[in-house]
Each structure stands twice: as structure tokens, then as C-alpha cells.
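Here is how the chains run, residue by residue.
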Amino acid sequence: MLASFFCFLLSFFLTALFIRYRNLHDHLSADTDFSSPQKFHTKAVPRIGGLAIFLGLILAGFLRFFADIPSSSLLLIILGCSLPAFLFGLIEDLTKQISPKVRLLACFASAFLASYFLGASLQSLALPGFDLMLQYPAISIALTCLMIAGLTNAYNIIDGFNGLACMVGIISLAAIAYVSFRSNDSALLFISVAIIGSILGFFIWNYPKGLIFLGDGGAYLIGFAIGVLSVLLVVRNPTVSPWFAALINIYPIFETIFSIWRKKFIKKMSPGVPDGVHLHMLIYGRIARWVDPGNSNALLSNNARTSPFLWVFSSLAVFPAMIWWQNTLALQILTIAFCIFYVYIYRSIVLFRIPRWLK
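So, here's what we can say about the structure. Nothing here was measured: the structure is a model prediction, and the numbers come from that model. (Residues numbered from 1 in each chain as written. Predicted model: local features only at pLDDT ≥ 70, side-chain atom pairs only at ≥ 80, totals over all residues. Heavy atoms only, no water.)

Secondary structure summary: the chain contains 15 helices and two strands in total. By the compact-globule yardstick of 21 Å for 359 residues, the chain fits well, its C-alpha radius of gyration being 20 Å. Dimensions of the chain, computed from the C-alpha atoms along their principal axes, are close to 55 × 45 × 35 Å. The contacts of the chain with a sequence gap of at least 6 include a subset with a gap of at least 24, amounting to 72%. Accessible surface, the chain as shown: approximately 15900 Å² in total, 71% of it carbon and sulfur. (Helix = DSSP H or I, 4+ residues; strand = E, 2+ residues; numbered from the N terminus. Rg over C-alpha atoms; globule rule 2.2 N^0.38 Å. Contact = heavy atoms within 4.5 Å. Areas by Shrake-Rupley, 256 points an atom, 1.4 Å probe, with all protein chains shown as cover.)

Set out below in C-alpha cells:
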């Protein structure tokens, strides 16, 4: 995995350079919006961390070419397919002028490219009536694009605190790498480890002090890559249950679904309008910031305290998925149980009935 190590090094040093010479690009890259309900920083921070991750992965793809052409090609094709989502996200990071609708369409474009060039389309969800419809290519491709684009956007939604989206992604990628190893799929194993390495190179500078942000481009890149790998793992390895892919990604997926339902039917507002009551924001406001209220540097430390709550929360779904990755019934039950648990936690925090163990 030498290519993955160099991938980490390039991401690490590029991120360091972005921070060190931020005076050269701050006028474009700095996030100076402190008033949005989803903003928790108090000084301008560059939002181009995703660029370091992307360039690190390109290096890994070219270095891998000398050892294994198929896995190198697969990684580079995935990166090529990610370009619409990644570039429109990066342009938004630099200009703040790309609407959510345009970025969502870019995510769908990337998902369609992956489905077309990689054959990344699900043929079964282990749901008898649904599986009959998935035998029609148009329905299979449309549903797969919806899933990949949805997860791509979901990672941007949960990217609210230092290290949150990065570590949730690393946890899911570790599960994909483990099952790829168990399935003897060396290409997906390499790609998963390479992405973990590239994310870690950025993560070191992002957590806990938030010296640089992932940005929309970086969040889209991570979400898209995990979505594609999740689908490919199931398509290339029939012994892997499709519900494994669902369970390892259920936290960002259900966060998005619940957010849409909450805004549309409870708050009677457009799902595209940002608000301040996502689960990670509630944990920040009602749990993390009260851990040490006398801390003189509370805002920074409380930001950093918030993410580990969600890392553990996400792991509650991912770790069981790694155990029962072939058992569809167990995975389905666990997926439903996680969704119920999410609603319980969310409702408890909203009603100020926070369980003692959560504190």
C-alpha cells in the first residue's frame, strides 16, 4: 500500500501549504459567513481542503499504475466521474454563487457517469417486489443514481463541525476495506485505503482546531467516492448483502431523509433552506458546549467536542455491519433499529430529556 502512504503525504503537505500561504487565496477561499445557522466558526477559514484530498488520490492512482493497472484505472475513473460534483462544489467554495439545485444536479451527473462507465447499478435490494423492477436497466440506473447522489449530498449536510464528515467517512471506508479484503477484492481494498490515507492527511490539520475546512467540494468528493464504492462492492461481490451498503451509510442517509421530512412537514419550509437543528447542531448546543462551560476557549473546544459524539453514533451502525455483512435479515433489522434510535436521541435532545449516559 505504498501508493496510499504517498497519497497521505501529498494530502498532508498540500493542506499545510494551503494553510501556510492562505494570504494568497483567502480572498477566494476563506469562509467569512459567520451569520448562517450552520456556521460555528468565528474567524475566516479556507474551504479548499477537498482539493488536497483530490490531488492526493490522483497521485495514488498514477503510482498504483506500476503495480496494478486495473485498480489504478478504477480509481482514476472514479475520480473522473466525481468531477461534476467535486468541481461545482469547489467553485461554490471559491465563489459562493452556485445554488444548491445546481450542485445537486452536478451530484446526479457524477452518479450517472459512475453508473455508465463503471457499471455501478444495483440489480437487487433483497426486497422481492422491488427486485423485479430493478431488472429493468432504466429503473436500476435511476435508483442507483438517486442513492449515490443522495449520499454525496448527505456528506455535505453532516459536514458541520471539525472532523465530523471526515471521520464518519473514514469509519465507513474502513468497513468497505474490511469486507473487500474478506471478499478478495484487491482493487476496492486499495481504493478504500487510499481514500482513507488522503482524508487523514487533511484531517490532521482540520481536527481539532479547524485550521482549514473540507468545503463543499471535499464533502461531495468523499460522499461520492463512498457511494460508488458501496455500490461496486455489492455489484462485484454477490456474497455481500446490499443492506451492508445501506447500514454503513445509514447515519448520513437518515440525517438527510429526516431533515427533509422535518423541514417539509414540521417547519413548513423548503428542504433546501438551511436551519440550525440538525442532530450534530443539537448535540453541540445542548450537550458538548456544557461539558466545560467555564473554558475560556469554549467555542473552539466545544466544536471539537461535538464530532466524537457523532463518530461513536455512526460506529453503532458500521461495526455491526462489518460482523453481519452477508446476513441480509440481520442488516435490515439493524438498519431499522438505527433509524428508531436516531429518532429517540433526536427527540430526547429536543425535549431536554437527554439520557444520562449521553452526557
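With that out of the way, let us pick up helix 5 (residues 100-118). Here helix 5 spans 26 Å end to end across 19 residues, near enough to the 27 Å set by a 1.5 Å rise per residue. As for helix 5, its buried residues are in contact with helix 4 (69-95), helix 7 (137-158) and helix 10 (215-236). Looking one or two residues beyond helix 5, the residue adopting positive phi is Gly 119, at roughly 65 degrees. (Expected span 1.5 Å × (residues − 1).)

A word on the packing of aromatic side chains. Between two aromatic rings, the relevant description is the distance of the centres plus the angle of the planes. Counted by the stated rule, this structure contains 23 aromatic pairs. Ring geometry for Phe 258 against Tyr 346: centres 4.9 Å apart, planes inclined by 65 degrees, an arrangement best described as edge-to-face. Here Phe 258, found in helix 12 (residues 250-266), pairs with Tyr 346, found in helix 15 (residues 328-350); they are 88 residues apart in sequence, far enough to count as distant. Accessibility expressed as a relative area gives 8% for Tyr 346, which makes it buried. Ring-pair connections join several aromatic residues into one group, and the members of that group are Tyr 251, Phe 254, Phe 258, Trp 261, Phe 313, Phe 338, Phe 341, Tyr 342, Tyr 344 and Tyr 346. The ring of Tyr 21 is capped by Arg 20, whose NZ or CZ atom sits 4.9 Å from the centre of that ring. The ring of Phe 190 carries the charged tip of Arg 64 above its face, separated from the ring centre by 4.4 Å. (Phe/Tyr/Trp six-rings, centres within 6.5 Å; stacked < 30°, edge-to-face > 60°. Buried < 20%, exposed > 50% of the residue type's maximum accessible area, 1.4 Å probe, protein only. Lys NZ or Arg CZ within 6 Å of the ring centre and 35° of its normal.)

The space that makes up the second largest pocket amounts to roughly 180 Å³. For the second largest pocket, the full set of lining residues is Phe 258, Trp 261, Arg 262, Ile 266, Lys 267, Val 277, Leu 282, Tyr 346, Arg 347 and Val 350. Breaking the lining of the second largest pocket down by element, the ones donating at least two residues are helix 12 and helix 15. With four residues, helix 12 is the largest single contributor of residues to the lining of the second largest pocket. Per-class residue counts for the lining of the second largest pocket are seven nonpolar, no polar and three charged. (1 Å grid on protein atoms, 1.4 Å probe; cavity = no way out; pocket = protein on both sides within 12 Å on 5 of 7 lines; lining within 4 Å. Points joined across faces, edges and corners; volume = space filled by probe spheres on them. Nonpolar A, V, L, I, M, F, W, Y, C, P; charged D, E, K, R; others polar.)

Our focus in this paragraph is the nonpolar core. Residues Ile 78, Phe 244, Leu 279 and Ile 349 are the most contacted members of the largest nonpolar core, which totals 103 residues. For this core, the element with the most residues is helix 10, which contributes 13 residues. Not counting residues up to four positions away in its chain, the partners in contact with Phe 244 are Ala 175, Ile 176, Val 179, Leu 233, Ala 321, Met 322, Trp 325 and Leu 331. (Core = buried A, V, L, I, M, F, W, Y, C linked by side-chain atoms within 4.5 Å.)

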